[in-house]
Amino acid sequence: MTTTARSAEHDVKDLGLAAAGRRRTEWAERSMPVLRQLRERFAAERPLAGRRLSACLHVTAETANLAVTLKAGGADVALCASNPLSTQDDVAAHLVKDHGLKVFAIKGEDHDSYYDHIRAALAHRPDITMDDGADLVGALHMIALNRLDDLAPPVRRWVERLAADDRQQLVAGVLGSTEETTTGVIRLRAMAKDGVLQFPVIAVNDSDTKHLFDNRYGTGQSTLDGILRATNLLIAGSTVVVAGYGWCGRGFALRARGAGANVIVTEIDPLKALEAQMDGYRVLPMADAAPLGDVFVTLTGNVHVIRLEHMRAMKEGAIIANSGHFNVEIDLEGLQRAGRGPVPARDFVDEWRLDGKSLYVLADGRLVNLAAAEGHPASVMDMSFANQALAAEYVVHQGRKLGREVHRIPRELDRDIARLKLQAMGVAIDTLTPEQQKYLASWDMGT
Ligand SMILES: NC(=O)c1ccc[n+]([C@@H]2O[C@H](COP(=O)([O-])OP(=O)(O)OC[C@H]3O[C@@H](n4cnc5c(N)ncnc54)[C@H](O)[C@@H]3O)[C@@H](O)[C@H]2O)c1
């Protein structure tokens, strides 16, 4: 294997960073006991033997532990980033140098490099794809539907050079895919609804051991971490506006309150809004929250949740961040049109001038927890990535039997992950007595 940072087999920042990446990955591994157990079983049983797997995930130490697990299961793994800012360059180098994985990811890569790396993952000709935000599956579907104009130029140029039957084979060769996040699953459900989904997808986000923990506690903690690392702000006594009270929003609101913030929630769903109100937060429309907030964080998976009219109403010095999947939640184009900037104030903090005041946007409106901090703690990714590994195995086991729909992994596997995690944490729970089992199965006992 070549030792340059770029070859047909990999494109990373600097292979000289591998030792630091190995240390970081080993540190994460200590908190990933469920994945470790799976890795041991995978190494013995090799359920992914002979499979080519392309993953488009945040290239972090936790993902490295997943990638090594997939390799132990026999998969030939290619990995590209699911966000241009989330790659840990030392981890990428470690995976190439110490594990011989095909990694295509550099922190801060531009639009063309980002999509050239997606092209490289597609050129790996996967049997299984693994996405965080549906970028790989999205590209495969544009190819299947011959909508080449909707592909980013580096992917389109490559596809145009492929013969028609080769393009068809690229898509037909995919046995199934797995999807990590809410936004990706929403897109895949829309594809299934329109009848265009070309292969089955396992929605890892639908597992209880994923969204109940990763989205809530992982995003909650790491979003606060990203904001603190970027700004070094004192949260106590500040007003934090949380847009969206879904799994991620609930987690972040909880952590912001824990750090002493006065939390305001904005929502569009009456149930979620009611829950936020009863959880003790103030609930307001964004237009009313805008003049009150010191820090604004979007966690909705929706577009233009913070618009120019809101930014115009904000206080001098307001800080605006996003932790939803795509960088579309804050209307940065509107800010660009009406304001002046950006001028870097600190790493991951840009100052914008609007109507005579300064506003500060973190991490270009991209996932602040991954751009300005290290993403979720390993302990929570342990469960998310155990789901990913089991989902890949499930795709192979089920083969072509699964319909072209969005599935979830069987509930028993989801429970098994929870059981293993509890065991690893040293937490014991009760089991049903025979009497209790009978009672719960009956309709006439003990009434
Ligand atoms: N930062 C991370 O590491 C991370 C981790 C997991 C998920 N995500 C992403 O975060 C986003 C949210 O995920 P989730 O699991 O919480 O989804 P969710 O569906 O549970 O919650 C989203 C909430 O946003 C609300 N919402 C939608 N439009 C809104 C608007 N205009 N104003 C206010 N609220 C609005 C919805 O009603 C819903 O309650 C997704 O894009 C997801 O992919 C990010």
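Reading the values: rules and limits
Position numbers for residues start from 1 in each chain and track the written sequence from start to end. For a predicted model such as this one, the threshold for reporting local features is a pLDDT of at least 70, and the threshold for listing and counting side-chain atom pairs is 80 or more; totals across whole chains, interfaces and linings nevertheless cover every residue. In this description a helix means any DSSP run of H or I spanning at least four residues, a strand means any run of E spanning at least two, and both kinds are numbered starting from the N terminus. In this description the radius of gyration comes from C-alpha coordinates, and the expected globular size is given by 2.2 Å times residues to the power 0.38. Between the buried cut of 20 or more and the exposed cut of 12 or fewer other C-beta atoms within 10 Å of a residue's own C-beta lies the partly exposed class, and all C-beta atoms are placed from the backbone. Throughout, a residue-residue contact means that the two C-beta atoms, derived from backbone geometry, are no farther apart than 7 Å. The criterion for a residue being near a molecule or strand is simple: its C-beta atom, placed using the backbone, must lie within 6 Å of it. When residue character is reported, Ala, Val, Leu, Ile, Met, Phe, Trp, Tyr, Cys and Pro are called nonpolar, Asp, Glu, Lys and Arg charged, and the others, Gly included, polar. Domain delimitation in this document rests on an assignment produced automatically or drawn from a domain database. Helix axes are fitted to C-alpha atoms over the stretch in contact, other axes to C-alpha atoms as well, and angles between N-to-C directions run from 0 to 180 degrees. Working definition: roughly parallel below 35 degrees, roughly antiparallel above 145 degrees, roughly perpendicular at 65 to 115 degrees, and oblique for all remaining angles. Crossings are sorted by hand: turned counterclockwise from the far helix by less than a right angle, the near helix makes the crossing left-handed, and turned clockwise it makes it right-handed. Defined on buried residues, the nonpolar core groups Ala, Val, Leu, Ile, Met, Phe, Trp, Tyr and Cys residues joined through C-beta atoms within 7 Å. Only strands that DSSP links by at least two bridges are regarded as paired with each other. In this analysis, the expected span of each helix is defined as 1.5 Å times one less than the number of residues it contains.

Asks: So, the overall build of the protein: which residues are in play, and what are the values?
Replies: Within the protein, the regular secondary structure consists of 19 helices and 17 strands. Its C-alpha atoms give the protein a radius of gyration of 23 Å, near enough to 22 Å, the size a compact globule of 447 residues would have. Expressed along its principal axes, the backbone C-alpha trace of the protein runs to roughly 70 × 60 × 45 Å. Of all 447 residues assigned to the protein, the portion counted as buried reaches 52%. Within the protein, residue pairs in contact and separated by at least 24 positions form 74% of the contacts whose partners lie at least 6 positions apart.

Asks: How would you sum up the site of the ligand? Please name residues and give values.
Replies: What surrounds the ligand is a group of 28 residues, the closest being Gly244, Gly246, Cys248, Gly301 and His325. Elements with a contribution of two residues or more to the shell around the ligand: helix 9 (182-193), helix 10 (208-231) and helix 11 (247-258). Taken together, the residues of the shell around the ligand break down into eight nonpolar, 17 polar and three charged. Here the shell around the ligand gathers at least three residues from each of two domains, domain 1 (5-209 + 377-424) and domain 2 (218-371).

Asks: Which residues make up the packing of helix 2 (residues 33-45) against helix 18 (residues 411-425), and what values do they have?
Replies: For any two helices packed against each other, one specifies the crossing angle of their axes together with the interaxial distance. Orientation of helix 2 relative to helix 18, taken along the N-to-C sense of each, is 115°, at an axis distance of 9 Å. The orientation of helix 2 relative to helix 18 falls into the category roughly perpendicular. For helix 2 against helix 18, the interelement crossing comes out right-handed. Residues Pro33, Val34 and Gln37 of helix 2 form the contact with helix 18, whose own contacting residues are Ile417, Leu420, Lys421 and Ala424. The residue makeup of the contact of helix 2 with helix 18, split by class, is five nonpolar, one polar and one charged.

Asks: Would you mind going over the nonpolar core in detail, with residue names and values included?
Replies: Grouped together as the largest cluster of nonpolar side chains are 82 residues, with contacts concentrated most on Ala67, Leu79, Val103, Ala105, Ile118 and Ala392. The element that contributes the greatest number of residues to this core is helix 17 (residues 378-398), accounting for 13 residues. Among residues more than four places away in sequence, those in contact with Leu79 are Ala55, Leu57, Val59, Ala67, Leu95, Leu101, Lys102, Val103 and Ala105.

Asks: Report on the environment of Ala67, specifying residues and quantitative values.
Replies: Here Ala67 lies in helix 3 (residues 61-72). In the structure, Ala67 is positioned 149 residues away from Arg216 in sequence and 24 Å away in space, judged by C-alpha atoms.

Asks: So what's going on with the sheet that holds strand 11 (residues 282-283)? Residues and values would help.
Replies: In sheet architecture, strand pairing relies on hydrogen bonds along the backbone and comes in two forms, parallel and antiparallel. Taken in spatial order, the eight strands make up an open sheet running 11-10-9-12-13-16-15-14, and their pairing is mixed. With partners counted over all chains shown, the strands left at the sheet margins are strand 11 and strand 14 (340-346), one partner each. Alignment of strand 9 (residues 239-243) against strand 10 (residues 262-266), held across five bridges, turns out to be parallel. Opposite Thr239, over in strand 10, you have Asn262 as the bridge partner. This element, helix 11, spans strand 9, strand 10 and strand 12 (295-298) of the sheet and lies at about 175° to strand 9.

Asks: Break down the packing of helix 3 against helix 4 (residues 89-99) for me, citing the residues and quoting the values.
Replies: One can describe the packing of helix 3 onto helix 4 by two numbers: an axis separation of 9 Å at closest approach and a directional angle of 25°. By the angle class used here, helix 3 and helix 4 are roughly parallel. The two elements helix 3 and helix 4 meet at a crossing, and its hand is right-handed. In this structure, helix 3 contributes Ala61, Ala64, Ala67, Val68 and Lys71 to the contact, and helix 4 contributes Val91, His94, Leu95 and His99. Tallied by class, the residues present in the contact of helix 3 with helix 4 amount to six nonpolar, two polar and one charged.

Asks: Which residues make up the domain arrangement of the protein, and what values do they have?
Replies: By domain assignment, the protein separates into domain 1 (5-209 + 377-424) and domain 2 (218-371). Each of domain 1 and domain 2 has a C-alpha centre, and these two points are 29 Å apart. If you look at the interface, domain 1 gives eleven residues, while domain 2 gives ten residues. Taken together, the residues of the side of domain 1 that touches domain 2 break down into four nonpolar, seven polar and no charged.

Asks: How would you summarise the pairing of strand 14 if you had to cite specific residues and measurements?
Replies: By the bridge criterion, four bridges tie strand 14 to strand 15 (residues 349-354) in an arrangement that is antiparallel. Within strand 15, the residue paired with Arg346 across the bridge is Val349. The antiparallel hairpin formed by strand 14 and strand 15 contains two residues in its connecting segment, where Phe348 sits at a positive phi of about 65°.

Asks: An account of helix 5 (residues 111-123) is needed here, citing residue identities and associated values.
Replies: When the terminal C-alpha atoms of helix 5 are compared, their 18 Å separation across 13 residues agrees well with the 18 Å that a helix rising 1.5 Å per residue should span. Along helix 5, the residues that are buried comprise Tyr114, Tyr115, Asp116, His117, Ile118, Arg119, Ala120, Ala121 and Leu122. Downstream of helix 5 by one or two residues, Arg125 has phi in the positive range, about 55°.

Asks: Talk me through unusual backbone geometry; I want residue IDs and the actual numbers.
Replies: A negative phi angle characterises most non-glycine residues, just as the trans form characterises most peptide bonds. Residue Pro342 is reached from Gly341 by a cis peptide bond, and omega for that bond is 0°. With respect to the secondary-structure elements, Pro342 resides in strand 14. One non-glycine residue, Ala363, adopts positive backbone phi at about 50°. On the basis of neighbour counts, which here come to 25 C-beta atoms within 10 Å, the residue Ala363 falls in the buried class. Look at Asp364: it is not a glycine, yet its phi comes out positive at around 55°. Note on Asp364: 16 C-beta atoms within 10 Å, which makes it partly exposed.

Asks: Quick one: what's the story with the environment of Gly220, residue by residue and with numbers?
Replies: Mapping Gly220 onto the fold places it in helix 10. A count of 26 C-beta atoms within 10 Å places Gly220 in the buried class. Taking the C-alpha atoms as reference, Gly220 lies 22 Å from Leu35; in sequence the two are 185 residues apart. In this view, Gly220 contacts Gly251, Phe252, Leu254 and Arg255; residues no more than four positions away in its chain are not counted.

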